[in-house]
Amino acid sequence: MAIRTEHALHRSRRSRNVGVGLVLVGFIAIIFGLTVVKVESLGETDSFDQIRGGVLLPGEEDPLK
Amino acid sequence: MTDISADRPYEAQFGDYFALLKPRVMSLVVFTALVGLLVAPVDLHPFVGFCAILFIAVGGGASGALNMWWDADIDAVMRRTRRRPVPSGRVAGDEALAIGIALSGFAVVMLGLATNWLAAGLLAFTIFFYAVVYSMWLKRSTPQNIVIGGAAGAFPPMIGWAAATGSIGIESVLMFALIFLWTPPHFWALALFMRSDYDDAGVPMLTVTHGRRTTRRHILAYTAVLAVFALGLATTSVAGPVYLAVAVAMNLWFLKGAWTIFRRDEDMAEADNFAVERAFFRFSLLYLFLHFGALLGDAALRAAGIV
């Protein structure tokens, strides 16, 4: 018996598979969107290897000026 | 799901699973949660607000699936619920349980991550309250089941408010009270004209356990208390002229309907096929919709700087 690529089962489950697929795509979009919004709401951030915003010791001259 | 024989009777479709989430109840959850979120005095990022409402809706839907899993035996008997996915055999009970639990956990965690953990905790409590306290425990054991079940439906605006503000306020408590006290008259009016359903299913509705006379008295009493709380909400910061006008008109109308129901006896009701009770039930839907719509209207007026 030949193995057919499409069984009746695949057809009858198509709506489920498409539905679950769309839900997953939507979920990815939501996680991505939430990440963008959350990161943007942090505002400007400092990291330690940048000079700007670094701490100057008393008496030191600001190298950017 | 390894059985691939061709003579399987029915393959559940995506819509059958979606029906497990009680989409019609969900629309009420979405609407009231949205109002709770929008009237809060905090500006939430629109996308975060959208996600919050979505997760509240999914959580509400999950509790609906758990309810359908547990109540399949009752649903199979009642005419109104007989065609739901589980009693009609389209979806297995186990699947409803699995979907309910999975979506509950998903919705609570995602709401917590998107907004805050107070909102997530309230959502978790709502699901627990509806699925366990109401469905499993009290629905079949006390005629006050409707009152208790109403609490579960009353939480969404409080969750929406908590998602925006991170707190619970007098405004959100009064929005809770509005739905909580509205539920009994709404469902008891339904029970008065859908009489045989609950009898057949053995659910101890007030109409069955304490009689229809008592039910009519209860409708009037709850409607009177409801009016006090509905007007009380008008004194808070979320309400304005639109809400006050709507609340006064609607509550007078609702009280009049409850009074008419109270004055009628069964002969009068049967003579016109429960016309008054049916009208009261239909009006109760409008009542809730307009109260929350009015809050939204006042929020829009405030945003436009008119009041």
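Note that the structure is a prediction, hence the values are computed from the model and not measured.

Peer 1: Now, about the domain arrangement of chain B: what can you tell me, with residues and values included?
Peer 2: Residues and elements named next belong to chain B. Per the domain assignment, the segments of chain B are domain 1 (14-166) and domain 2 (169-307). Inter-centroid distance (C-alpha atoms) of domain 1 to domain 2 is 21 Å. Together, the buried faces of domain 1 and domain 2 total about 2800 Å²; carbon and sulfur atoms form 79% of this surface. The three residues of domain 1 that bury the most area against domain 2 are Pro-143, Ile-146 and Trp-161, which together make up 21% of that side's buried surface. Between the two partners, domain 1 and domain 2, sit 0 salt bridges. Here domain 1 and domain 2 share 0 residue pairs in polar contact (both at pLDDT 80 or more) between them. Put simply, the parts of the chain that give the side of domain 1 that touches domain 2 at least two residues each are helix 2 (23-39), helix 4 (72-77) and helix 7 (145-165). Of the residues forming the side of domain 1 that touches domain 2, the biggest block, 11 residues, is contributed by helix 7. Classifying every residue of the side of domain 1 that touches domain 2 gives 17 nonpolar, 8 polar and 4 charged.

Peer 1: Lay out the interface of chain B and chain A in plain terms, naming residues and giving numbers.
Peer 2: Taken together, the contact pairs 19 residues of chain B with 17 residues of chain A. Of the roughly 1500 Å² buried between chain B and chain A, counting both surfaces, carbon and sulfur atoms make up 70%. For the pair chain B and chain A, the interface holds 2 salt bridges. Close ionic contact of Glu-11 of chain B with Arg-13 of chain A constitutes a salt bridge, the shortest N to O distance being 2.7 Å. Summed over the shared surface of chain B and chain A, the result is 7 residue pairs in polar contact (both at pLDDT 80 or more). Among the elements of the structure, helix 1 (14-19), helix 3 (46-70) and helix 5 (93-114) of chain B are those that each provide at least two residues to the side of chain B that touches chain A. Here the side of chain B that touches chain A gets 5 residues from one element, more than from any other, and that element is helix 3 of chain B.

Peer 1: Tell me about the UniProt feature "transmembrane region" (unreviewed entry) in chain A, and name the residues and values.
Peer 2: When the UniProt feature table is mapped to this numbering, "transmembrane region" (unreviewed entry) covers residues 20-39 of chain A. Taken end to end, residues 20-39 of chain A has its terminal C-alpha atoms 29 Å apart, with 100% of it in helix and 0% in strand.

Peer 1: How would you explain the side chain of Asn-116 of chain B if you had to name every residue and give the values?
Peer 2: All names here are of chain B. Following the sequence through the fold, Asn-116 ends up in the loop between helix 5 and helix 6 (117-138). Overall, the relative accessible area of 17% leaves Asn-116 in the buried class. A polar contact is formed between the side chain of Asn-116 and the backbone nitrogen of Leu-118, at a distance of 3.1 Å. A polar contact is formed between the side chain of Asn-116 and the backbone nitrogen of Ala-119, at a distance of 2.9 Å.

Peer 1: Tell me about the packing of helix 6 of chain B against helix 7 of chain B, and please be specific about residues and values.
Peer 2: All names here are of chain B. Viewed as axis vectors pointing N to C, helix 6 and helix 7 meet at an angle of 170 degrees, and their least axial separation amounts to 9 Å. When the interaxial angle is binned, helix 6 and helix 7 end up roughly antiparallel. Packed against helix 6, whose contacting residues are Leu-118, Ala-119, Leu-122, Leu-123, Phe-125, Thr-126, Phe-129, Tyr-130, Val-133, Tyr-134 and Leu-138, the element helix 7 presents Asn-145, Ile-148, Gly-149, Ala-151, Ala-152, Phe-155, Met-158, Ile-159, Ala-162 and Ala-163 at the interface. Residue classes in the contact of helix 6 with helix 7 are distributed as 18 nonpolar, 3 polar and no charged.

Peer 1: Lay out a nonpolar patch on the surface in plain terms, naming residues and giving numbers.
Peer 2: Residue and element names in this part refer to chain B. Together, Leu-231, Leu-244, Val-248 and Leu-252 make up a nonpolar patch on the protein surface, roughly 340 Å² of accessible area in all. Considering each element in turn, the nonpolar patch owes the most residues, 3 residues, to helix 12 (residues 241-263). Turning to its location among the elements, Leu-252 is positioned in helix 12.

Peer 1: How would you sum up the packing of aromatic side chains? Please name residues and give values.
Peer 2: Per the stated rule, a full pass over the model turns up 17 aromatic pairs over all chains. The ring centre of Phe-262 of chain B lies 5.3 Å from the NZ or CZ of Arg-213 of chain B, which sits over that ring.

Peer 1: Which residues make up helix 14 (residues 275-303) of chain B, and what are the values?
Peer 2: Its 29 residues give helix 14 of chain B an end-to-end C-alpha distance of 42 Å, which sits within 8% of 42 Å, the value for a rise of 1.5 Å per residue. One or two residues past the end of helix 14 of chain B sits Gly-305 of chain B, with phi positive at roughly 80 degrees.

Definitions and cut-offs
Residues numbered from 1 in each chain as written. Chains lettered and ligands numbered in written order. Predicted model: local features only at pLDDT ≥ 70, side-chain atom pairs only at ≥ 80, totals over all residues. Heavy atoms only, no water. Domains from an automatic or database assignment. Buried area = accessible area lost by both parts, 1.4 Å probe. Salt bridge = Lys/Arg side-chain N within 4 Å of Asp/Glu carboxyl O. Polar contact = N/O pair within 3.5 Å; in protein donor to acceptor, adjacent residues only side chain to side chain. Helix = DSSP H or I, 4+ residues; strand = E, 2+ residues; numbered from the N terminus. Nonpolar A, V, L, I, M, F, W, Y, C, P; charged D, E, K, R; others polar. Contact = heavy atoms within 4.5 Å. UniProt positions renumbered as here; feature names shortened; annotations may be inferred. Buried < 20%, exposed > 50% of the residue type's maximum accessible area, 1.4 Å probe, protein only. Axes fitted to C-alpha atoms, helices over the stretch in contact; angles between N-to-C directions. Parallel < 35°, antiparallel > 145°, perpendicular 65-115°, else oblique. Patch = residues over 30% accessible without salt bridge, like charges linked within 9 Å, V, L, I, M, F, W, Y side chains within 5 Å. Areas by Shrake-Rupley, 256 points an atom, 1.4 Å probe, with all protein chains shown as cover. Phe/Tyr/Trp six-rings, centres within 6.5 Å; stacked < 30°, edge-to-face > 60°. Lys NZ or Arg CZ within 6 Å of the ring centre and 35° of its normal. Expected span 1.5 Å × (residues − 1).

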